[in-house]
Amino acid sequence: MRRILVAACLFVLPAMAQAQDHSQHTPDMQHPAPAAAMPTQGGQAAFATIQEIARLLEADPATDWSKVNLEKLRLHLIDMDLVTMQSRVTSAEVADGAAFTIRGTPAVAAAIKRMTASHMQMVEMEGGPKVTRTELPDGVKLVVTARTANDKAETAKIRGLGFIGLMVSGDHHQMHHLMMARGDAMLSHGR
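Note that the coordinates shown come from a computational prediction; the quantities given were computed from them, not determined experimentally.

S.K.: Give a description of the overall build of the chain that names residues and reports values.
M.R.: If you tally the helices and strands in the chain, you get six helices and four strands. Reading the chain from its N end, one meets helices and strands in the order α-α-α-β-β-α-β-β-α-α. Expressed as a percentage of its 191 residues, the buried residues of the chain come to 30%. The long-range fraction of contacts in the chain, counting pairs at least 24 apart against all pairs at least 6 apart in sequence, stands at 63%. Of the roughly 12,700 Å² that the chain leaves accessible, carbon and sulfur atoms contribute 60%.

Structure follows, in structure tokens:
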């Protein structure tokens, strides 16, 4: 109930302020103080991400609402959370890189498989390291190596980034989320 009252105040107070009679203001009150700053964060990260995407879609007159699927984006964000927060990762050095075994409960393993399938392809397409992906009953094994043999800098980078660093690599995530919400069938992640 308290939240509803606060939300109502946020909509009513600005309208009331505009409707006030300003005839009694003194000359130095002609320029009222700026309104208090409003929060910008949506609260929880997935909620804020979906909110941002919804606003972009609403602002775009070309949005085809018959194809929009914010639920698909929500499910993808759940996968991201499962992989980031609940997977178990072990790593081992291999020549020119590292091997990562990523495992989890059945729900986490399914998310690992969906997330790594398309993302590792994007890493390679964007000029990143070579990746060999093998599905396991409870997750995935990735062998990640430098594009050029004996490239010590690239090998160190692979090992330093680790599995999660490779997952966050690249600039395609935000566009991927927008395209997924728009209903692009190519971006389903198996959902």
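S.K.: Tell me what's going on with the environment of D184, and back it up with residues and numbers.
M.R.: Note that D184 resides in the segment after α6 (173-182). For the pair D184 and V68, spaced 116 residues apart in sequence, the C-alpha to C-alpha distance is 8.6 Å. With near-sequence residues (within four places) excluded, D184 lies in contact with K72 and M179.

S.K.: Mind laying out the nonpolar core, listing which residues take part and the relevant values?
M.R.: Judged by nonpolar contacts, the single largest core of 19 residues is most densely connected at F100, L142, V144 and F163. Listing elements by their share of this core, those giving two or more residues are α3 (70-86), β2 (97-103), α4 (106-125), β4 (139-145) and α5 (152-167). If you tally residues by element for this core, the top one is α4, at five residues. Residues within four places of L142 in sequence aside, it is in contact with A98, A99, F100, I102, T116, M120, V131, T132, R133 and F163. I50, I53, L73 and L77 belong to the second largest nonpolar core, which has nine residues in total.

S.K.: Give me the layout of surface pockets: which residues, what numbers.
M.R.: In this model, the largest pocket occupies a volume close to 470 Å³. Lining the largest pocket are 20 residues; nearest its centre among them are T49, L77, M80, H173 and H177. Considering each element in turn, the lining of the largest pocket owes the most residues, six residues, to helix α2 (residues 45-59). Of the residues belonging to the lining of the largest pocket, the class tally is 12 nonpolar, six polar and two charged.

S.K.: Tell me what's going on with the pairing of strand β1 (residues 88-94), and back it up with residues and numbers.
M.R.: Bridge analysis of β1 against β2 gives seven bridges, and the strand direction is antiparallel. Among the inter-strand pairings, V89 is bridged to a residue of β2, identified as I102. What sits between β1 and β2 in their antiparallel hairpin is a turn of two residues, with D96 showing a positive phi close to 65°.

S.K.: If you had to explain unusual backbone geometry to someone new, which residues and values would you point to?
M.R.: Located in the positive-phi region is D96, a residue other than glycine, with phi close to 65°. Note that D96 resides in the loop between β1 and β2. Even without a glycine there, the phi angle at N150 is positive, about 65°. By secondary structure assignment, the location of N150 is in the loop between β4 and α5.

S.K.: Could you give an account of the sheet that holds β2, naming the residues involved and the relevant values?
M.R.: Across the sheet, four strands lie side by side as β1-β2-β4-β3; this open sheet has antiparallel pairing. Edge strands, defined here as strands with exactly one partner in the open sheet, are β1 and β3 (130-136). For this sheet, the mean inter-axis angle between neighbouring strands, taken without regard to orientation, is 15°. Where β3 meets β4, seven bridges bridge the pair, whose relative direction is antiparallel.

Rules behind the numbers
- Residues numbered from 1 in each chain as written.
- Predicted model: local features only at pLDDT ≥ 70, side-chain atom pairs only at ≥ 80, totals over all residues.
- Heavy atoms only, no water.
- Helix = DSSP H or I, 4+ residues; strand = E, 2+ residues; numbered from the N terminus.
- Buried < 20%, exposed > 50% of the residue type's maximum accessible area, 1.4 Å probe, protein only.
- Contact = heavy atoms within 4.5 Å.
- Areas by Shrake-Rupley, 256 points an atom, 1.4 Å probe, with all protein chains shown as cover.
- Core = buried A, V, L, I, M, F, W, Y, C linked by side-chain atoms within 4.5 Å.
- 1 Å grid on protein atoms, 1.4 Å probe; cavity = no way out; pocket = protein on both sides within 12 Å on 5 of 7 lines; lining within 4 Å.
- Points joined across faces, edges and corners; volume = space filled by probe spheres on them.
- Nonpolar A, V, L, I, M, F, W, Y, C, P; charged D, E, K, R; others polar.
- Pairing = 2+ DSSP bridges.
- Axes fitted to C-alpha atoms, helices over the stretch in contact; angles between N-to-C directions.

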